[in-house]
Amino acid sequence: NGSGKSTLMREILGLQTPTSGSTRLFGMDSQSLRDEQPPKIHRRFGVMFQQGALFSSLTLAENVAVPLKEHTKLSVELIHDIVALKIASVGLQADSATKYPNELSGGMRRRAALARAIVMDPELLFLDEPTAGLDPKGVKDLVGVINALAREYGITVIFSTHDVSLV
């Protein structure tokens, strides 16, 4: 804890300015992600923040749909279908789509955040402490889902954790 894992991830993503040095993402200095081509480059990676960062006033499905609505011109019907597919791909039941974050268990909130992180079919997936606070079975299940997604979609996963046994 406190070694800078989340800070490094935020610096790679261009969300925080490093005090020295630089990082490159897709051949670009990560700090230029804010200024040069953010919409184009941001579509190439997905992020699952440590606390999930779900919008409390949106249902699970609406949370997952946010990137599609923000960054594409897809039809409402197609967005609905993609969201349903991503929700299923992280192991959530279809009926959970209408629930709000406060109605979901911790593991379900993690999966919902994961579904949102992969909804744009990213090449890179950044996961900041995705298993924090989960019980051992929840950790095993979520890691299994992450591994399956990485294989199925060909995603490179950058995973921060303080759990050495998990690494």
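This text goes with the structure placed above it.
Residues numbered from 1 in each chain as written. Predicted model: local features only at pLDDT ≥ 70, side-chain atom pairs only at ≥ 80, totals over all residues. Heavy atoms only, no water.

Draft legend 1. Just the overall build of the chain, in detail. For the chain, the helix and strand inventory stands at six helices and five strands. Listed N to C, the secondary structure of the chain is α-β-β-α-β-α-α-α-β-α-β in terms of helices and strands. The C-alpha atoms of the chain give a radius of gyration of 16 Å, which matches the 15 Å a tight globule of 167 residues would have. Referenced to the eigenvectors of the C-alpha coordinate spread, the extents of the chain come out at roughly 45 × 40 × 30 Å. For the chain, the proportion of its 167 residues judged to be buried stands at 42%. Residue pairs at least 24 apart in sequence account for 63% of intrachain contacts in the chain once pairs closer than 6 positions are excluded. Carbon and sulfur atoms provide 54% of the accessible area of the chain, an area that totals close to 9,300 Å². One finds the centroid of the 18 positive side-chain charges in the chain at a distance of 2 Å from the centroid of its 18 negative side-chain charges. (Helix = DSSP H or I, 4+ residues; strand = E, 2+ residues; numbered from the N terminus. Rg over C-alpha atoms; globule rule 2.2 N^0.38 Å. Buried < 20%, exposed > 50% of the residue type's maximum accessible area, 1.4 Å probe, protein only. Contact = heavy atoms within 4.5 Å. Areas by Shrake-Rupley, 256 points an atom, 1.4 Å probe, with all protein chains shown as cover. Lys, Arg positive; Asp, Glu negative; His and termini not counted. Charge placed at Lys NZ, Arg CZ, Asp CG, Glu CD.)

Draft legend 2. Local environment of the pattern of salt bridges. Taken as a whole, this structure holds three salt bridges when the rule is applied. The salt bridge involving Arg44 is made with Glu123; its shortest N-O contact spans 2.7 Å. Of this pair, Arg44 sits in the loop between helix H2 (38–42) and strand E3 (45–48) while Glu123 is found in the loop between helix H5 (106–118) and strand E4 (124–128), placing the two residues 79 residues apart along the sequence. For Glu123, a relative accessible area of 37% puts it in the partly exposed group. Among the ionic pairs, Lys137 bridges to Asp141, the shortest N-O distance being 2.8 Å. (Salt bridge = Lys/Arg side-chain N within 4 Å of Asp/Glu carboxyl O.)

Draft legend 3. Here's a closer look at the pairing of E3. Here E3 shows no split at all, with Phe45 and Val47 on one side and Gly46 and Met48 on the other all buried. Pairing analysis gives four bridges linking E3 to E4, with the strands arranged parallel. Pairing of Met48 across the sheet is with Leu127, part of E4. (Pairing = 2+ DSSP bridges.)

Draft legend 4. Main features of the sheet that holds strand E5 (residues 156–160). The strand order across the open sheet built from three strands is E3-E4-E5, with neighbouring strands paired in parallel fashion. Looking along the sheet, the strands with just one partner apiece sit at the ends: E3 and E5. Each strand axis lies, on average, 15 degrees off the axis of its neighbour in the sheet, ignoring direction. Across the face of the sheet, helix H1 (residues 5–12) comes into contact with E4 and E5 while running at roughly 150 degrees to E4. (Axes fitted to C-alpha atoms, helices over the stretch in contact; angles between N-to-C directions.)

Draft legend 5. Region of interest: helix H3 (residues 60–71). Within H3, the full set of buried residues consists of Leu60, Asn63, Val64, Ala65, Pro67 and Leu68. Along its buried surface, H3 packs onto helix H4 (76–89) and H5.

Draft legend 6. Region of the structure containing the side chain of Ser96. Among the secondary structure elements, Ser96 is positioned in the loop between H4 and H5. Residue classification places Ser96 among the buried positions, given a relative accessible area of 2%. In this view, Ser96 contacts Leu60, Ile87, Leu104 and Met108; residues no more than four positions away in its chain are not counted.

Draft legend 7. Region of the structure containing the nonpolar core. With 32 residues, the main nonpolar core has Val90 and Leu114 as its most contacted residues. At the level of elements, H3, H4, H5, E4 and helix H6 (136–153) are the ones that each hand at least two residues to this core. Residues contacting Val90, with those up to four places away along its chain left out, are Arg111, Leu114, Ala115, Ile118, Val145 and Leu149. (Core = buried A, V, L, I, M, F, W, Y, C linked by side-chain atoms within 4.5 Å.)

Draft legend 8. Region of interest: the packing of aromatic side chains. This structure, assessed with the given rule, holds one aromatic pair. On the basis of an interplanar angle of 85 degrees and a centroid distance of 5.8 Å, the ring pair of Phe45 and Phe126 is categorised as edge-to-face. Of this pair, Phe45 sits in strand E3 while Phe126 sits in strand E4, placing them 81 residues apart in sequence. Side by side, Phe45 and Phe126 carry an identical accessibility label, which is buried. (Phe/Tyr/Trp six-rings, centres within 6.5 Å; stacked < 30°, edge-to-face > 60°.)

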